[in-house]
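The chain contents come next:
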Amino acid sequence: MSGIATNLGLSLTKATTVMRVGSEATKRGVGVIGAGPGVWALHAPTLAAFSDSFRVVHVADAGGGRAAAIADRVGARSSGTAEELLADPEVDVVAICTPPASHAELILAAVAAGKRAIFCEKPLATSVDELEPVLAACADAGVALVVGTNHLFDPAWDRVKQHLDRTGVRILSVSAVLSLAPNDRYHALVANPVPAAAPPHRPPIDPADPGMAAAVVRQLMIGLAIHDLPLVRDLLPDIDRVVSARALAPIGYDVAVSAGEAFARLSAVMLPSGADTLWRFTIVTTHDRIEIDFPPPFLHAGSALVHVRDEEGRVTRFPPAAADGYQEEWRALAEVLDGMRPMEYEPLEADARFAIALADAAADAVREGGPR
Amino acid sequence: MTSVPFWTEDPGFRAAAAQLADRVRPAEEPRGAVCVVAADGPLAPAEAAAAGGASAIILTGAVTGARAVIDVVAGSGVPVVVHRPRLRADEAGDAAIDPEQVRLVVADAHSGPAEFRSATVDAIGWIRVLTGGPVVLRAASRSSSGAVAALEGPRGTPVSLMSTRLEVPARAAIRLRAVAPTAVEVDIDDSAGVRGIRFHSHDGELTRPARWESASRLTLRRALDAIAGHALTDLADLDHDRGVAEALLDSPAP
């Protein structure tokens with residue numbers, strides 16, 4: 001036993017046992033904190049697919065009227081504060097879908113309110129100072145906790161890991177490249193529009209301002225690259241140093257790191273218009289190249305597509321699974337609550353520490369002069 | 001049309017000459033001929049072509065060939081066409097994109113040890129094409145597995161290059177994407193027999209037609225055009241691409 005279990009003085013076995021004792025087959029009432037377009041487009045339809053396990057009973061959001069609009073459509077109550085939602089006895093499961101800076105505080109509040117399960121949108125925490133009390137609280141209370149790192153839950157990722165285990169190859173390089181189309185293009189394909197708050201004003205990135213660029217890179221690493229950082233950690237857990245880091249216009253990041261003899265590259269650009277989203281995760285091993293093309297965000301288009309190109313140029317395509325990562329993360333929470341899956345806090349801690357450390361190191365590199 | 005003498009011992013270029021039989025004829029000596037010189041071969045043929053009055057020189061194997069051969073050819077004063085099958089002039093034209101719109105170029109190369117350097121040089125060449133000009137190395141790291149680099153193109157266009165050296169004798173594969181409202185993707189895989197240039201926009205995907213002309217025939221046609229007065233930048237481009245690769249792969253480790 002090491003890592004979080006040791007740090008928290010908690011046995012993993014104990015945590016697992018707590019979850020199994022809590023098994024039951026009844027529907028859980030879900031309280032959703034946050035009512036942005038992403039919530040309506042993503043979690044409401046996803047939960048509808050798990051209506052045997054979950055039903056949305058309460059939506060809370062501080063933004064004018066959006067919680068009520070969503071709640072009306074799913075037959076739930078609404079309120080203007082998280083406190084009101086957490087006081088609702090019908091809420092068993094709290095879904096935290098607010099901006100990242102509020103996640104840790106809301107998890108602690110949900111645990112304090114006696115809730116039994118939490119689905120937290122990524123990231124779990126934005127700093128180590130936030131992370132440690134959050135995990136301690138959840139472990140002490142035996143709260144089931146799932147972080148919405150949907151790529152980690154994508155069935156294609158399991159298949160890729162099986163391929164890597166079976167072939168026994170060594171990882172030489174990893175790349176996550178994103179070219180993002182506007183989100184509302186995909187919101188409109190999975191839900192009717194709901195009133196959206198005006199987006200926060202973001203001044204254009206000034207490359208001559210290292211402080212601004214560093215802040216942008218850190219925020220994007222924690223909030224966007226976080227989709228893929230658990231996958232990077234799975235493959236290259238020991239990052240040595242940041243080789244280069246920079247903010248990109250109009251908004252994005254480009255970060256390269258070394259991990260022993262291997263490298264990883266994380267690049268993303270958000271574009272105001274143009275081509276569909278490209279979300280490609282590439283692994284080059286001693287013997288082959290594995291490409292994972294994730295569908296654009298918010299969609300339920302099945303799992304990612306995987307192509308393996310071997311040393312002789314043969315390309316193998318893995319058949320996609322019908323389920324996607326968004327569905328699988330909720331299924332995972334249901335399985336933990338049903339005692340079908342152990343609650344493991346260690347990987348959550350390791351993923352969060354990895355992401356925070358990488359985001360901090362990338363921001364430092366930008367602050368100190370960007371590419372170097 | 002007057003046929004031009006053509007001097008080569010390269011079977012691929014002999015075939016190309018046969019496919020341009022109305023424009024070229026075999027020559028007995030370099031004088032007055034378009035000459036094929038292998039940069040990855042001995043120096044003597046290069047000297048014979050350069051000093052022997054060639055009308056133009058086609059340089060093969062130049063991506064990783066000897067600098068001495070390239071220098072001799074460059075000093076000949078005649079048009080020099082660099083034969084680069086992974087970076088064909090027609091495909092480079094097909095991939096043309098407005099560099100002002102490019103927000104990022106992401107380039108990946110991977111190959112077995114034998115082709116690692118040539119794949120890296122050609123990837124840098126494609127970066128130059130997509131950014132619209134020379135690139136500058138800003139940061140890099142390398143290891144036994146390959147190299148990763150942050151570069152900048154003209155107008156500060158950011159470029160990320162990752163070149164990976166497989167442990168098996170795999171042939172080279174290069175993939176690049178210029179991220180823009182209309183993005184372009186270049187996909188070249190020698191083992192898989194893939195060559196593709198695709199544009200991605202809000203309207204969907206446009207794949208450029210395959211270029212079926214052999215790379216040798218294309219290079220020979222370009223040499224004939226050069227004799228007729230078409231300007232070339234092949235040697236300067238080669239010098240750039242090799243120079244950036246040398247800075248990435250050969251400079252003291254950071």
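Residues numbered from 1 in each chain as written. Chains lettered and ligands numbered in written order. Predicted model: local features only at pLDDT ≥ 70, side-chain atom pairs only at ≥ 80, totals over all residues. Heavy atoms only, no water.

Caption draft 1: Structural detail: unusual backbone geometry. All names here are of chain A. Cis geometry is adopted by the peptide bond preceding Pro123, which originates at Lys122 and carries an omega value of 0°. For the bond from Ala249 to Pro250, the omega torsion is -5°, close enough to zero to count as cis. Its identity is not glycine, yet Phe298 carries a phi of approximately 75°, on the positive side. Looking at the element boundaries, Phe298 is found in the loop between β12 (289–293) and β13 (305–309). (Helix = DSSP H or I, 4+ residues; strand = E, 2+ residues; numbered from the N terminus.)

Caption draft 2: Region of the structure containing the packing of aromatic side chains. All names here are of chain A. Going through the model one piece at a time under the given rule, you end up with 4 aromatic pairs over all chains. Centre to centre, the rings of Phe54 and Trp330 are 5.2 Å apart; their planes meet at 70°, and the pair counts as edge-to-face. Taken together, the residues Phe54 in strand β2 (residues 54–60) and Trp330 in helix α13 (residues 325–337) connect sequence positions 276 residues apart. Here Phe54 matches Trp330 in class, with each residue buried. With centroids separated by 6.0 Å and ring planes inclined at 85°, the aromatic side chains of Trp157 and Phe281 adopt a geometry described as edge-to-face. One end of the pair, Trp157, is in helix α9 (residues 155–167); the other, Phe281, is in strand β11 (residues 278–285), and 124 residues separate them in sequence. Like Trp157, the residue Phe281 is buried in the burial classification. Residue placement shows Arg159 over the ring face of Phe318; its charged tip is 4.7 Å from the ring centre. (Phe/Tyr/Trp six-rings, centres within 6.5 Å; stacked < 30°, edge-to-face > 60°. Buried < 20%, exposed > 50% of the residue type's maximum accessible area, 1.4 Å probe, protein only. Lys NZ or Arg CZ within 6 Å of the ring centre and 35° of its normal.)

Caption draft 3: How the structure looks around the pairing of β2(A). Residues and elements named next belong to chain A. Taken across its 7 residues, β2 has 6 buried, putting it largely inside the fold. Pairing geometry for strand β1 (residues 28–33) and β2, over 6 bridges, is parallel. Across the sheet, residue Gly31 finds its bridge partner in β2, namely His58. Read as a crossover between parallel neighbours, the route from β1 over helix α3 (residues 37–48) to β2 is right-handed. When β2 meets strand β3 (residues 77–79), the two strands line up parallel, connected through 3 bridges. By the bridge assignment for β3, Ala60 is matched with Ser79. (Pairing = 2+ DSSP bridges. Right-handed = clockwise from strand over helix to strand, strands pointing away.)

Caption draft 4: A look at the pattern of salt bridges. Scanning all chains against the criterion turns up 52 salt bridges over all chains. With its nearest N and O atoms 3.6 Å apart, the salt bridge here joins A:Asp234 to A:Lys161. Of this pair, A:Asp234 sits in helix α12 (residues 229–235) while A:Lys161 is found in helix α9, placing the two residues 73 residues apart along the sequence. For A:Asp234, a relative accessible area of 35% corresponds to the partly exposed category. Owing to a relative accessible area of 30%, A:Lys161 belongs among the partly exposed residues under this scheme. For B:Arg117, the salt bridge is made with B:Asp250, and the minimal N-O distance between the two is 2.5 Å. Here the residue B:Arg117 occupies a position in helix α5 (residues 116–131), and B:Asp250 occupies one in the segment after α7 (234–249), the gap between them amounting to 133 residues. Judged by its relative accessible area of 29%, B:Arg117 is partly exposed. With relative accessibility at 43%, the residue B:Asp250 sits in the partly exposed group. (Salt bridge = Lys/Arg side-chain N within 4 Å of Asp/Glu carboxyl O.)

Caption draft 5: Local environment of the interface of chain B and chain A. Contact residues are listed per partner, giving 47 residues for chain B and 44 residues for chain A. A combined buried area of about 3,400 Å² lies between chain B and chain A, and 58% of that area is made up of carbon and sulfur atoms. At the boundary of chain B with chain A, the tally comes to 5 salt bridges. A salt bridge links B:Arg175 to A:Glu291; its shortest N-O distance comes to 2.0 Å. At the boundary of chain B with chain A, the tally comes to 16 residue pairs in polar contact (both at pLDDT 80 or more). Of all the elements in the fold, those that place two or more residues in the side of chain B that touches chain A are β6 (104–111), β7 (136–143), β8 (146–152), β9 (158–165), β10 (173–179), β11 (183–189) and β12 (194–201) of chain B. Sorting elements by how many residues they give to the side of chain B that touches chain A places β9(B) first, with 7 residues. Residue composition of the side of chain B that touches chain A, grouped by class: 23 nonpolar, 12 polar and 12 charged. (Contact = heavy atoms within 4.5 Å. Buried area = accessible area lost by both parts, 1.4 Å probe. Polar contact = N/O pair within 3.5 Å; in protein donor to acceptor, adjacent residues only side chain to side chain. Nonpolar A, V, L, I, M, F, W, Y, C, P; charged D, E, K, R; others polar.)

Caption draft 6: Structural context of the sheet that holds β13(A). All names here are of chain A. Taken in spatial order, the 8 strands line up as β8-β9-β10-β7-β11-β12-β13-β14 in an open sheet, and their pairing is mixed. Both edges of this open sheet fall to β8 (241–248) and β14 (315–318), since each of them pairs with a single strand only. Looking at each pair of strands side by side, their axes are set apart by 10° on average, direction ignored. Pairing of β11 with β12 involves 5 bridges; the strand directions are antiparallel. (Axes fitted to C-alpha atoms, helices over the stretch in contact; angles between N-to-C directions.)

Caption draft 7: Expanded view of the packing of helix α1 (residues 11–18) of chain B against helix α6 (residues 215–227) of chain B. Residues and elements named next belong to chain B. Taken N-terminus to C-terminus, the directions of α1 and α6 make an angle of 65°; their axes are 8 Å apart at the nearest point. On the basis of the axis angle, α1 is roughly perpendicular to α6. Note on packing geometry: the crossing formed by α1 with α6 is right-handed. Along its contact with α1, which presents Gly12, Phe13, Ala16 and Ala17, the element α6 presents Ser216, Arg217, Thr219 and Leu220. Taken together, the residues that form the contact of α1 with α6 break down as 4 nonpolar, 3 polar and 1 charged. (Parallel < 35°, antiparallel > 145°, perpendicular 65-115°, else oblique. Left-handed = near helix turned anticlockwise from the far one by under 90°.)

Caption draft 8: Expanded view of the environment of B:Thr157. Residues and elements named next belong to chain B. Among the secondary structure elements, Thr157 is positioned in the loop between β8 and β9. Residue class for Thr157 comes out buried when judged on its relative accessible area of 4%. Through-space distance from the C-alpha of Thr157 to that of Arg103 is 6.4 Å; in sequence the pair is 54 residues apart. Apart from residues lying up to four places away in sequence, Thr157 is in contact with Pro99, Val102, Thr131, Leu151 and Glu152.

Caption draft 9: α13(A), seen in detail. All names here are of chain A. With 13 residues, α13 extends 18 Å between its outermost C-alpha atoms, agreeing within 8% with the 18 Å of an ideal straight helix rising 1.5 Å per residue. Across the 13 residues of α13, 11 count as buried, placing the element largely inside the fold. Between a side-chain oxygen at the N-terminus of α13 and the backbone nitrogen of Tyr326 the separation is 2.9 Å; the capping residue is Asp324. Gly339 lies just past α13 and shows a positive phi near 75°. (Expected span 1.5 Å × (residues − 1).)

Caption draft 10: Structural detail: the side chain of A:Glu121. Residue and element names in this part refer to chain A. For Glu121, the location among the structural elements is in the loop between β5 (117–120) and α7 (128–141). Given a relative accessible area of 11%, Glu121 falls into the buried group. Only 2.7 Å separates the side chain of Glu121 from the side chain of His43, close enough to count as a polar contact. Once residues within four sequence positions are removed from consideration, Glu121 is found in contact with Leu42, His43, Ile96, Cys97, His103, Val147 and Gly148.

Caption draft 11: Inspection of the sheet that holds β1(A) at higher detail. Residues and elements named next belong to chain A. With parallel pairing, 6 strands are arranged side by side in an open sheet as β3-β2-β1-β4-β5-β6. A single partner strand is all that each edge strand has here, and the edge strands are β3 and β6 (144–147). Taking the axes of each pair of neighbouring strands and ignoring which way they run, one obtains an average angle of 20° across the sheet. The strands touched by helix α6 (residues 103–112) within the sheet are β1, β4 (93–96) and β5, with β5 carrying the most contacts at an inclination of about 170°.

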